[in-house]
Structure formats: C-alpha cells, structure tokens
Amino acid sequence: MQDVLTDLMTTWNAGGTAGVATVVRTFRSAPRPPGAAMVVAPDGTVGGSVSGGCVEGAVYDLATEVIRTGRPVLQQYGFSDDDAFAVGLTCGGVIDIFVEAISRATFPELGEIAADIAEDRPVAVSTVIEHPDASRIGRRLLIRPDTAHGTLGSARADDAVIDDGRGLLAAGRNEVLTYGPDGQRRGEGMAVFVASYAPQPRMLVFGAIDFAAAVAKQGSFLGYRVTVCDARPVFATSARFPTADEVVVDWPHRYLAAQIAAGAIDSRTVVCVLTHDPKFDVPLLEVALRAPEIGYVGAMGSRRTHDERMARLRRAGLTDEQLARLASPIGLDLGGRTPEETAVSIAAEIIARRWGGHGRSLTDTGGRIHHTPGATAN
C-alpha cells in the first residue's frame, strides 16, 4: 500500500471509495513482491502495479466490481499453458491478490497510518484475507511496537497476530500468517496478511571519499536512508554528498556505537567501510562485527589490506564467527574500476546477500529467478 498511498489518500480525504488490490502471496517467479499494490479511484484512474502489466486489466475489472459491491475478494492469478491468451502471468509464476474497498467508513484509521508512515513510526496493518466466516474477511488489526488497535474477531486471534506481527514489523517483512479459525496456532482456515511499514532501512557509509559519493547515490536509489560519516570536517560536507540524507562529522567507531546504543540500527542496516585506513576502519569494524543486529558489513581495500586488517581484528579479540560476517574486499566481481562501477558492485552484493542470490549471470543458471529473503544461494 505504501507505493500507492498518495493516490489512495486523495480518494480517502475526498470521502470517496477506492478499490485497492494488494499482492499478498507469491509462488515461483512472480513479478512483484508481497505488499505491492494497485489503487483504482472512483473516476477510474489507476496508480501502482501488482504484476508489471501481466494481469493488470483483470485486476482493474475486479477492483471496480469490489468498489460497487463492497465485498473483498482474494483472487489467484497464474500462467495457463492451455490458453496463451488467458489471464495469467507470462513469467510462469502465481500470485494471490486481495482486493478490497477502502474509504473513510471501511478504514477510518488510514489517516493515522499515513501519518505514522510519513513520520517514520513503525506500524503494521494485519488484514483477514481468508476465513470460514465471510463476515470476518477484511477485518483489520493495527500493530505498533507497544500498542495495538482493532480486532480480527476474537481475543485469541488478536493475541496470536499481535505477537507474530510485531516480529514481522521488526524485520520489515510482509507475510501471510495462517491459523485456525479462532487464532489457533495449530490449525488452518484463517489467513491474515501482515503489511509492515517500518522506517527506511539505513545505509551507513564511512569514509568521505569519491567512492562514498557513488555508493551514497546507489543507496539512495535502492531506498536506503543514507548517512555518510567521517572524522575530517574538510571532507565530510553536504556539498560533496548531495544524495546523502545526512553527513556526520565524527569518529566512525564512536558514531556507530552511539547509533547501536540508541536502537537506531536493525537487521536491514548496511555498513560500508570505505576508509581503508587502519586507524579508522579497525576500531569501526570491531564495533560493527560485534553487533549481530547489523545486516551487512563490507569493507573496501586490496587483498593485502584485507589480510592485514583481519590480523588486527583477530588480535583485538574478534572470533572467527564474527569475522565471517565481513564482506571484504567489498562488492561483487564485476570487473569495474570507476567509483560509479564500484558502487554498482557494492550495491549488487548487498542485494545478493539480502535475497540469497549468487551474483552469477542468469543466462548460466537454471531454476527460479526470484529468491526468498535470507535464502542460501546454491
């Protein structure tokens, strides 16, 4: 929903009803991930996408019908070998799409959700998408780190979804959870889609060098909130890093330790150490590699620099398990040389580690194209 929130809020604020289609489950090579959405306004205009074009026409017609009836629908779309012109995904994947009518009457809390998202306050929206009792389909429960609002129909179901939903919110994940009709852990019949709206993931770039400017630009492009940090004020300036969200003048290890202590780091955070100067990067890497909550730690440098740095870190007491988390030399082997090409290789490695990719050419591989988060590459 976040990608269509502006369009949706235009209709909601005007007192109208919009049809909102959300990808809730994907199988095999689906083009859009869970959480991708399309909104159909009362005047027929469309925002967003659920399949990159494959089934948009059919989903548009379904959303128009849901606006008219007010009844939510869970619809599955997949590729049909029997009829090449049938509504389906030419990529061979399968997606489940939940379509609902959203207005001030059906979703009065949407304004609060929009405010939470705008202010980077974490919130998750859990919605019943399947249930034996049709009257419970479409019910919502809003989950925040310390509070919850609404009900899915029973206290038992609410308690189970709040517990599981907070885990998904902390990880920034969208997922369908399955329970028994009354929220039983062992059972089936009720499916709840949890859409997590967590603050932007962070990219911390240490070392105010030309490579850092290119990496910051890539990070911004990928949707990270980018911080560039360096202890040298003459180099760490906003003018040199216009795409960074903030530029900090501080000793890198001190800044990172303070961010960890403040709870401003999570499993989606990536740390790029580009200083390749022992007096900066060794103390910084000591802090970063001892913090299991950081999702990715990479350090720039030659093979020789890497070997010397590893020896220093071992002398500092880091374990083999902690050192194994370090991506060094940073980036995938793309053969690039310029700061911009190097930044692409770093971004590629971050993406590969996040989704379990291997960095090889798809031409030379088989099997499914899209990976699941945290999967181990073959």
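Residues numbered from 1 in each chain as written. Predicted model: local features only at pLDDT ≥ 70, side-chain atom pairs only at ≥ 80, totals over all residues. Heavy atoms only, no water.

Naming follows an unreviewed UniProt entry, where the chain appears as Xanthine dehydrogenase accessory factor of Nocardia amikacinitolerans.

Engineer: Would you take a moment to explain the overall build of the chain for this structure?
Structural biologist: Within the chain, the regular secondary structure consists of 10 helices and 16 strands. In terms of C-alpha radius of gyration, the chain reaches 23 Å, essentially the compact-globule figure of 21 Å for 378 residues. Once the C-alpha set of the chain is aligned to its principal axes, its extents read approximately 65 × 50 × 45 Å. Here the chain holds 378 residues, and 44% of them are scored as buried. Across the chain, every contact between residues at least 6 apart in sequence was considered, and the portion connecting residues at least 24 apart equals 57%. Carbon and sulfur atoms form 50% of the exposed surface of the chain, whose accessible area is close to 18,200 Å². Taken together, the 37 basic and 45 acidic charged side chains of the chain have centroids lying 5 Å from each other. (Helix = DSSP H or I, 4+ residues; strand = E, 2+ residues; numbered from the N terminus. Rg over C-alpha atoms; globule rule 2.2 N^0.38 Å. Buried < 20%, exposed > 50% of the residue type's maximum accessible area, 1.4 Å probe, protein only. Contact = heavy atoms within 4.5 Å. Areas by Shrake-Rupley, 256 points an atom, 1.4 Å probe, with all protein chains shown as cover. Lys, Arg positive; Asp, Glu negative; His and termini not counted. Charge placed at Lys NZ, Arg CZ, Asp CG, Glu CD.)

Engineer: When you look at the domain arrangement of the chain in this model, what are you seeing that I'm missing?
Structural biologist: The extent of an interface is frequently quoted as the accessible surface area lost upon association of the parts. Under the domain assignment used here, the chain contains domain 1 (1–107), domain 2 (117–199) and domain 3 (202–355). A straight line from the C-alpha centre of domain 2 to that of domain 3 covers 35 Å. (Domains from an automatic or database assignment.)

Engineer: Quick question: what am I supposed to make of the pairing of strand β15 (residues 296–299) here?
Structural biologist: Each regular strand carries side chains that alternate between the two faces of the sheet. Where burial is concerned, the two faces of β15 agree: the one with Y296 and G298 and the one with V297 and A299 are both buried. Inspection of the sheet shows strand β14 (residues 270–273) paired to β15 by four bridges, in the parallel sense. Each bridged residue has a counterpart across the sheet, and for C272 the counterpart in β15 is G298. Once the chain exits β14 it traverses helix α7 (residues 278–289) before rejoining the sheet at β15, and the crossover so formed is right-handed. Pairing geometry for β15 and strand β16 (residues 326–327), over two bridges, is parallel. When the bridges of β16 are listed, G298 appears paired with A327. (Pairing = 2+ DSSP bridges. Right-handed = clockwise from strand over helix to strand, strands pointing away.)

Engineer: Is there a simple way to think about unusual backbone geometry in this case?
Structural biologist: What is expected of a backbone is that most residues other than glycine have negative phi and most peptide bonds are trans. Going from S328 to P329, the amide bond is cis rather than trans, its omega being -5 degrees. Residue placement: P329 occurs in the loop between β16 and α10 (339–355). Phi at D120 takes a positive value of approximately 60 degrees, unusual for a residue other than glycine. Relative to the helices and strands, D120 resides in the loop between α3 (110–118) and β6 (123–130). Residue D120 is classed as partly exposed on the basis of its relative accessible area, which comes to 39%.

Engineer: Looking at this structure, how should I read the packing of aromatic side chains?
Structural biologist: Describing an aromatic ring pair means giving the distance of the ring centres and the angle of the ring planes. One pass over the structure, following the stated rule, counts two aromatic pairs. If you follow R104 out to its NZ or CZ, it ends over the ring of W12, 4.2 Å from the centre. Directly above the aromatic system of F107 lies the positively charged group of R140, at a separation of 4.0 Å from the ring centroid. (Phe/Tyr/Trp six-rings, centres within 6.5 Å; stacked < 30°, edge-to-face > 60°. Lys NZ or Arg CZ within 6 Å of the ring centre and 35° of its normal.)

Engineer: Would you explain the nonpolar core in this entry?
Structural biologist: Within soluble globular proteins, side chains that are nonpolar generally end up buried alongside one another. Residues L8, I102, F107, L110, I113, I129 and Y197 are the most contacted members of the largest nonpolar core, which totals 27 residues. The set of elements that each furnish at least two residues to this core consists of α1 (5–13), β1 (18–27), β2 (37–40), β5 (94–102), α3, β6 and β10 (190–197). When residues of this core are sorted by domain, at least three fall in each of domain 1 (1–107) and domain 2 (117–199). Apart from residues no more than four positions distant in its own chain, I102 is found in contact with L8, W12, G16, T17, A18, V20, F107, L110 and R140. If you look at the next biggest cluster of nonpolar residues, it comprises 24 residues, including V215, F241, V270 and C272. (Core = buried A, V, L, I, M, F, W, Y, C linked by side-chain atoms within 4.5 Å.)

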